[in-house]
Amino acid sequence: MPRHIAHLDMDAFYASVELLRYPDLRGQPVVIGGGRRHQPELLADGTRRYARLVEYAGRGVITTATYEARALGVHSGMGLMKAAALAPEVVLLPTDFDEYRRYSRLFKAAVAEIAPQIEDRGIDEIYIDLTDVPGAQDAVGGDPLGGVRAVARAIKDNVHRATGLTCSIGVTPNKLLSKLCSDLDKPDGLTVLTEADIPARIWPLPARRINGIGPKASARLEALGIRTIGELAACERQWLVEHFGPSYGAWLHEAAHGRDDRPVVTHSEPKSMSRETTFERDLHPRGDREQLGALFTRLCEQVAADLARKGYVGRTIGVKLRFEDFRTVTRDQSLPSPTDDARLIRHAAGQCLKRVTLDRRLRLLGVRVGGLRRKEDVPCPGTPVAAEPSAPYTLPLF
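Everything numeric in this text was worked out from a predicted model, so none of it was measured.

Scoring rules and cut-offs
- For every chain, the first residue of its written sequence is number 1, and the numbers climb from 1 along that sequence.
- Thresholds applied to this predicted model are a pLDDT of at least 70 for local features of residues and 80 or more for the giving and counting of side-chain atom pairs; totals over whole chains, interfaces and linings are not thresholded and use all residues.
- Only heavy atoms go into the side-chain values, all of them from the structure, while hydrogens and water stay out.
- Where helices and strands are cited, they refer to DSSP runs of H or I of at least four residues and of E of at least two residues respectively, numbered from the N terminus.
- For the exposure calls, accessible area comes from a 1.4 Å probe over protein chains only, and a residue counts as buried if that area is under 20% of its type's maximum, exposed if over 50%, partly exposed in between.
- What qualifies as a polar contact is a pair of N or O atoms within 3.5 Å, subject to a donor-acceptor requirement within protein and to the restriction that residues adjacent in sequence count only when both atoms come from side chains.
- The contact definition used throughout considers only heavy atoms, calling two residues in contact when any of these lie within 4.5 Å.
- Axis lines are fitted to C-alpha atoms, over the contacting stretch for helices. Their N-to-C directions set the angle, which ranges from 0 to 180 degrees.
- Under this scheme an angle from 65 to 115 degrees is roughly perpendicular, one under 35 degrees roughly parallel, and one over 145 degrees roughly antiparallel; angles in between are oblique.
- Note on convention: near helix rotated counterclockwise from far helix by under a right angle means a left-handed crossing. Clockwise means right-handed.
- In this classification, Asp, Glu, Lys and Arg are treated as charged, Ala, Val, Leu, Ile, Met, Phe, Trp, Tyr, Cys and Pro as nonpolar, and every other residue, Gly included, as polar.
- The salt bridge definition used is simple: a Lys or Arg side-chain nitrogen within 4 Å of an Asp or Glu carboxyl oxygen.
- The span one expects for a helix is its residue count, reduced by one, times 1.5 Å.

## Let's talk about the side chain of Glu-119
- Note that Glu-119 resides in strand S8 (residues 118-120).
- Judged by relative accessible area, Glu-119 falls into the buried class, the value being 6%.
- Among the polar contacts listed, one links the side chain of Glu-119 to the backbone nitrogen of Val-265, at a separation of 2.8 Å.
- Apart from residues lying up to four places away in sequence, Glu-119 is in contact with Ile-126, Tyr-127, Lys-175, Pro-263, Val-264 and Val-265.

Next up, the structure:
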């Protein structure tokens, strides 16, 4: 029985969720990545005033952009100030991760109604094993892939019915090819390929499109005269091993030929959960103590809420700080027993901060909880500690 593995990728996910909330922005260039001050303003006549990139000042980056904005040269990961120079009149919306997580749960539940064998790969993408889904192996109207094509369309329809959002799906014999194919016909695309289609559809693509070939490997390949997947496939395995090492060189050879036997992993336990924030301006531990303390407390509460919602407790509490010179420092400590209590997490994270010299401005602050276990597997999770009387539930170090 041939394998049918699908990769589903939501189309411009964060932006698409925002367009459900603000349908008057459909068809316009929009980027997501602003802060609370960029919340749309409701005017007396019922219309809204939206912030524009030209009004932005700070160091934030674009989380995602609509396809209309991408056509103007702005994209996810780009600094908002740089984007403002390219496209000043693009609409800027604040991020709302709680809403994005809610829609993520909705679309995954819609997929599971049809195909329950799902590997979660993040907030907006999943792998799906369609091999044993009823009808997936059937030929339809002389098309040997008609059955799996129909199943994929049913998944797309169910996602749209549950969320109002579109997705793109690639269906191939393995995860590597499906990840490539889900991006071939965006947005709202469906691409179904077999191994016989690799020379025509996969080999002309840039080698960097393979998931696992990063910027450094791509630059090395280009320096060797290899730009497309087809050119990579034409290389001898031993030659690749000599240039990239035994493990990565062999993998490059396999990937270029579309070979990948990884299974769809339907369940995996997370090792840690974290929350972090990058400030729009550098904050000083002394001059901005009150603001930093509030942000730090909120991060701890958010991590605790994530743990509680997903049913985990953790024993290792850590902090992450990035200073104005981009130097990054991490510290962590282990508790006697795992917990999901915000007060205990905040207290332990504060103890970690005591081991950092806080004499420079900060651009990023994060809190992490590791060593996770299922809450039901822990007989007596950690209990809250008493707050220090002199500074209840604040961050003394700031």
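Structure's up, so let's keep going.
## Remarks on the packing of helix H12 (residues 289-310) against helix H13 (residues 342-353)
- It is at 9 Å that the axes of H12 and H13 come closest, and there the two elements cross at 130°. Judged by the angle between their axes, H12 and H13 are oblique. The handedness of the crossing between H12 and H13 is right-handed. Across the interface between the two elements, Phe-296, Thr-297, Cys-300, Glu-301, Ala-304 and Leu-307 of H12 pack against Ala-342, Ile-345, Arg-346, Ala-349, Gly-350 and Leu-353 of H13.
- Within the contact of H12 with H13, the residues separate by chemical class into eight nonpolar, two polar and two charged.

## Describing the pattern of salt bridges
- Under the defined criterion, the tally for this structure stands at 26 salt bridges.
- Close ionic contact of Arg-209 with Asp-183 constitutes a salt bridge, the shortest N to O distance being 3.7 Å. In this pair, Arg-209 is assigned in the loop between helix H7 (198-202) and helix H8 (215-223) and Asp-183 in the loop between helix H6 (175-181) and strand S11 (190-192), connecting sequence segments 26 residues apart.
- Judged by its relative accessible area of 38%, Asp-183 falls in the partly exposed class.
- Taking the shortest distance from any N to any O, the salt bridge between Arg-360 and Asp-325 comes out at 3.7 Å.

## Description of the environment of Arg-36
- If you trace the backbone, Arg-36 turns up in the loop between strand S2 (30-34) and strand S3 (41-42).
- Under the relative-accessibility criterion, Arg-36 is labelled exposed at 67%.
- The sequence separation of Arg-36 and Met-273 amounts to 237 residues, and the corresponding C-alpha distance is 24 Å.

## Topic: H12
- Between the first and last C-alpha of H12 there are 32 Å, a value that for 22 residues agrees with the 32 Å anticipated at 1.5 Å per step.
- Listed as buried for H12 are Leu-292, Gly-293, Leu-295, Phe-296, Thr-297, Leu-299, Cys-300, Val-303, Ala-304, Asp-306 and Leu-307.
- Those residues of H12 that are buried are in contact with strand S12 (272-283), strand S13 (312-323), strand S14 (328-339), H13 and strand S15 (362-370).
- Once H12 ends, the next one or two residues include Gly-311, with phi positive near 80°.

Spatial relationships are all this shows, so hold off on functional conclusions.
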